[in-house]
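A structural walkthrough
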Amino acid sequence: MHIHRLERLWLTFGVVSLVVFLAILATAAISEGIVPPSHRQTIDPTKVAETPPFDKPGLRPVPGSTNEFEAYVIARYPFFTPHEIDVPVGAKVTFFVTSPDVVHGFFITGTDVNMMVVPGWVSSETHVFRARGQHLLLCNEYCGVEHHFMYGAVMVR
Ligand code: CUA
């Protein structure tokens, strides 16, 4: 079978592009530790308030570390609990967020923390706060008529 030279060139370009795109996806997924939902932490959404550590939401230091923290946050329509999180400058904070009602968003402005919060699952992401200042915390998934009131703040002091 004869394939025209330009057609062969175009086919090669297509196949090479596909391989490059798949390699980029695989590299990003592996380096970022992206896992399917089956590998994520689950929680009974009807018992969030009495399930440790979500029974006492807030920031707590990681034992044995001076600048590492874990923040447990409940996204419940139309509020985040806690509403404001105080973080010392330079802190490495891992956020654990869950929802007892509907799907919410968890976006911290000026950072790459941007998660979907799904009832029954615990979403988590880590960020190092290197500069003092205030970051707005927003729900960026429409969750009801008071969705636009669902915000908070991360204060880096
Ligand atoms: Cu919660 Cu929008």
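Here we summarise the structure given alongside this text. (Residues numbered from 1 in each chain as written. Predicted model: local features only at pLDDT ≥ 70, side-chain atom pairs only at ≥ 80, totals over all residues. Heavy atoms only, no water.)

A few words on the nonpolar core. F80, V93, F95, V97 and F106 are the most contacted members of the largest nonpolar core, which totals 23 residues. Among the secondary structure elements, those contributing two or more residues to this core are β2 (68-76), β4 (84-87), β5 (92-98), β6 (104-108), β7 (114-117) and β10 (151-156). The biggest single contributor to this core is β2, with 4 residues. V93 has contacts with L59, F69, A71, V87, E125, T126, H127 and F129, leaving out every residue within four places of it along the chain. In this structure, F54, Y72, F96 and V122 belong to the second largest nonpolar core, which totals 7 residues. (Core = buried A, V, L, I, M, F, W, Y, C linked by side-chain atoms within 4.5 Å. Buried < 20%, exposed > 50% of the residue type's maximum accessible area, 1.4 Å probe, protein only. Helix = DSSP H or I, 4+ residues; strand = E, 2+ residues; numbered from the N terminus. Contact = heavy atoms within 4.5 Å.)

Attention shifts here to a nonpolar patch on the surface. A cluster of nonpolar side chains, V16, V20, F21 and I24, forms an exposed patch at the surface whose accessible area comes to about 380 Å². Here V20 lies in helix α1 (residues 5-31). Since its relative accessible area comes to 41%, V20 is described here as partly exposed. (Patch = residues over 30% accessible without salt bridge, like charges linked within 9 Å, V, L, I, M, F, W, Y side chains within 5 Å. Areas by Shrake-Rupley, 256 points an atom, 1.4 Å probe, with all protein chains shown as cover. Salt bridge = Lys/Arg side-chain N within 4 Å of Asp/Glu carboxyl O.)

For the rest of this paragraph, the subject is the side chain of H127. For H127, the location among the structural elements is in strand β8 (residues 123-128). Given the relative accessible area of 16%, H127 is considered buried. Ignoring anything within four residues of it in the chain, the contact list for H127 reads A91, K92, V93, T111, D112 and V113.

Okay, the pairing of β7 next. Of the two faces of β7, the one holding M115 and V117 is buried and the one holding N114 and M116 is not buried anywhere. As judged from the 4 bridges shared by β6 and β7, these two strands associate in the antiparallel manner. Note on β7: the bridge partner recorded for G105 is M116. Adjacent in sequence and paired antiparallel, β6 and β7 are bridged by 5 residues, among which G110 carries a positive phi angle near 75°. (Pairing = 2+ DSSP bridges.)

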